[in-house]
Structure formats: C-alpha cells, structure tokens
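Geometric and topological summary
For reference, the chains in residue letters:
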Amino acid sequence: MRMIVSMLAFLLTILESGLPLLNSYKDQNANALSTEIMAEKKIVNGLTNSSLNVQLDCKTTTELRNMVPEVVHTIIQGVKRVIGFGATRIVVPSNFPIGCLPIYLTKFMTDNSTAYDEYHCLKDLNNLAIFYNYHLRQAIEELKKEYPNITLIYATITMPICGYYKMP
C-alpha cells in the first residue's frame, strides 16, 4: 500500500504541474522507438509498437542491453524536442524493477533458484532495468549541462516499488 501511495503522489505531482499529456500517452500507445526501428529489430505488437513483453519474447538480455543506448538516445531527443517547444521543467522517470512484475515472473518462471533475488524477483530483468536507468541518468546529467536553465529531473521510481517488495 505504501508503494501505491508513493506512486500516486508522484503521478499527482506531475499531473498538477499543468503540463499537458502527449496524445500518444493519452492514447496509451507511446514508445521510445519508432515503429520503423522496432520493425527493423523484428519487434511488433498490435497494441503498442514496442511492448517489453514482445521484446523479451524474442530477444536475449544481451540483445536488449545493446538496444539501451538507442532507446536512451531517442528519449533524450524527445526531451530536447520538448525543450524546443518551450518546456522549462521536465521530469524523466526511471524504469522500475521489471523482474518483480507478476507478468514476467509468470512468463519466465524457472526452478533455478539462482535466477531470483531475495525478494523473489528475476535478477536478469532487474539488472536490465538497472543498466537502462544508469544510462538514462547519465544522459540526463549530460543534458543538464547543455541546458543549464532548464529544470530537468530524473525521477527514480524504483525506490517506492522496492519498498513495497520489502514489506512483509
């Protein structure tokens, strides 16, 4: 419950900032990479152009890690575009511990106990999220140097979620 309250507070803060939601997010069809790039990588989904479920179904962790710089670059280009539209306060959220999501725990269930951490989450998937978050944070720090008059916030959403998994 504490995690849900933390996440809701975080989301309300963003919504109360007055920034309009992008149409793709309102339509729940938002992706970091374009349909064309995803198609080149043989990643297709009828609901969204690049759901993690589809990516994980046909890619190894190494292949997904190799895509991280391209995804981060695309996100940074999107942030620059929003800055170009006049935004002066931007929040870029981190990824959460995807190895703890029930859908992936079910899909990638294994009898190999070393695949799980102390919270019974899949280590490889969480390590992928950590890898992604590290690169995203580094890119945002570089962007802050390029745009010193813009308030650019890297929002870590991992901590509220991890707190939930630590609860009895």
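Below: a short report on this structure. (Residues numbered from 1 in each chain as written. Predicted model: local features only at pLDDT ≥ 70, side-chain atom pairs only at ≥ 80, totals over all residues. Heavy atoms only, no water.)

Brief notes about the overall build of the chain
Going by this rule: Numbering of helices and strands runs from the N terminus; a helix is a DSSP stretch of H or I covering at least four residues, while a strand is a stretch of E covering at least two. A 1.4 Å probe rolled over the protein chains alone gives each residue an accessible area, and that area as a share of the maximum for its type sets the label: buried under 20%, exposed over 50%, partly exposed in between. Only heavy atoms matter for contacts: two residues are in contact if any of them lie within 4.5 Å across the pair. Per-residue accessibility takes into account occlusion by the displayed protein chains alone, with areas from the Shrake-Rupley method and a 1.4 Å probe.
Helix and strand counts for the chain come out as eight helices and two strands. What you see in the chain, going N to C, is helices and strands ordered as α-α-α-α-α-β-α-α-β-α. Scored against the burial criterion, the 168 residues of the chain give a buried share of 30%. Once local pairs closer than 6 in sequence are excluded, the contacts in the chain between residues at least 24 apart make up 64%. For the chain, the accessible area works out to roughly 10,900 Å², and carbon and sulfur atoms hold 58% of it.

Comments concerning the nonpolar core
For the record, the criterion: Definition of nonpolar core: a set of buried residues of the types Ala, Val, Leu, Ile, Met, Phe, Trp, Tyr and Cys, connected through side-chain atoms within 4.5 Å.
Ranked by size, the top nonpolar core spans 26 residues in total, and within it Val 72, Val 79, Ile 90, Val 92, Leu 136, Ile 140 and Leu 152 carry the most contacts. Looking at this core, the elements with two or more residues in it are helix H5 (61-84), strand S1 (89-93), helix H7 (123-146) and strand S2 (151-155). Setting aside its immediate chain neighbours within four residues, Leu 152 contacts Val 79, Ile 90, Val 92, Ile 140, Leu 143 and Lys 144.

A few points about the state of the cysteines
How we decide: Note on terminology: pairs of cysteine sulfur atoms within 2.5 Å are recorded as disulfides.
Considering all chains together, one arrives at one disulfide under this definition. One disulfide in the model links Cys 100 with Cys 121; its S-S distance is 2.1 Å. Because the sign of the S-S torsion sets the handedness, a value of about 110 degrees for the bond joining Cys 100 and Cys 121 places this disulfide among the right-handed ones. In this pair, Cys 100 is assigned in the loop between S1 and helix H6 (102-107) and Cys 121 in the loop between H6 and H7, connecting sequence segments 21 residues apart. Note on accessibility: Cys 100 and Cys 121 belong to one class, buried.

None of this, on its own, says anything about what the molecule does.
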